[in-house]
Amino acid sequence: MPTLFAANESVVLINGQPIEGVQAIEYRNVQQRENVYAVGIAERIGQIAGHFWVEGRLKVNSTAPAVNAITGDTAFQITAQLRHGNTSMTLSFDDCYLTEKTFEMGVGSVGSSVYTFSATRIREEIAST
């Protein structure tokens with residue numbers, strides 16, 4: 001059975017400070033890979049793992065003053081406490097740096113800021129119930 005988390009029960013923190021108006025948090029783990037071939041053979045015979053990093057996006061209604069205050073050279077930590085009832089998991093993004101800030105607003109809707117970041121690592125800690 002899948003583990004479910006509810007957005008309205010979850011919290012996102014920047015350097016321990018709650019961020020209000022979070023609409024979405026997205027991330028992906030990226031690892032560079034290189035194929036290895038042997039002379040005279042067209043099929044791959046192996047693969048070498050290289051650099052690893054995390055890329056993420058945080059979407060917030062209007063703006064998040066705590067995130068706007070972060071400059072490009074300042075490292076920060078994002079913690080997402082995902083919950084649903086008694087089920088919880090904490091995602092910790094370490095050594096984050098902002099790479100991009102965007103803002104969008106359409107007719108008849110509220111503005112949204114999207115903060116793109118890179119992180120050295122992500123730690124996933126599932127709480128036992």
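What counts and what doesn't
- Residues numbered from 1 in each chain as written.
- Predicted model: local features only at pLDDT ≥ 70, side-chain atom pairs only at ≥ 80, totals over all residues.
- Heavy atoms only, no water.
- Helix = DSSP H or I, 4+ residues; strand = E, 2+ residues; numbered from the N terminus.
- Rg over C-alpha atoms; globule rule 2.2 N^0.38 Å.
- Buried < 20%, exposed > 50% of the residue type's maximum accessible area, 1.4 Å probe, protein only.
- Areas by Shrake-Rupley, 256 points an atom, 1.4 Å probe, with all protein chains shown as cover.
- Lys, Arg positive; Asp, Glu negative; His and termini not counted.
- Charge placed at Lys NZ, Arg CZ, Asp CG, Glu CD.
- Polar contact = N/O pair within 3.5 Å; in protein donor to acceptor, adjacent residues only side chain to side chain.
- Contact = heavy atoms within 4.5 Å.
- Salt bridge = Lys/Arg side-chain N within 4 Å of Asp/Glu carboxyl O.

Chemist: Would you mind going over the overall build of the protein chain with me for this structure?
Modeler: The number of helices and strands found in the protein chain is one helix and eight strands. Reading the protein chain from its N end, one meets helices and strands in the order β-β-β-β-α-β-β-β-β. The C-alpha atoms of the protein chain give a radius of gyration of 19 Å, which is well past the 14 Å a tight globule of 129 residues would have. Each principal axis of the C-alpha distribution contributes one length, and for the protein chain these read about 60 × 40 × 30 Å. The buried share of the protein chain, taken over its 129 residues, is 26%. When the accessible surface of the protein chain is totalled, it reaches about 8,500 Å², and 50% of it is carbon and sulfur. Taken as two groups, the 9 positive and 13 negative side-chain charges of the protein chain have centres that lie 1 Å from each other.

Chemist: Whenever I open this one, the side chain of aspartate 94 confuses me. Can you help?
Modeler: Tracing the backbone shows aspartate 94 in strand β6 (residues 87–104). Of the residues examined, aspartate 94 reaches a relative accessible area of 9% and is grouped as buried. In terms of polar contacts, aspartate 94 uses its side chain to reach the side chain of glutamine 77, at 2.8 Å. Here the side chain of aspartate 94 touches arginine 123 through a polar contact of 2.8 Å, side chain to side chain. Excluding anything up to four places from it in sequence, aspartate 94 contacts Gln77, Ala119, Thr120, Arg121 and Arg123.

Chemist: I would appreciate a short explanation of the pattern of salt bridges in the present structure.
Modeler: A side chain of one charge can pair with a side chain of the opposite charge when the charged atoms of the two come close. With the rule as written, the count across this model stands at seven salt bridges. For arginine 57, the salt bridge identified is with glutamate 26, shortest N-O distance 3.2 Å. Residue arginine 57 is located in strand β4 (residues 44–61), and its partner glutamate 26 is located in strand β3 (residues 22–37); the two are separated by 31 residues in the primary sequence. Its relative accessible area of 41% is what places glutamate 26 among the partly exposed residues. The residue arginine 123 makes a salt bridge to glutamate 125 at a minimum N-O spacing of 3.3 Å. Residue class for arginine 123 comes out partly exposed when judged on its relative accessible area of 35%. What you see here is one network of salt bridges that share partners, running through Asp94, Asp95, Arg121, Arg123 and Glu125.

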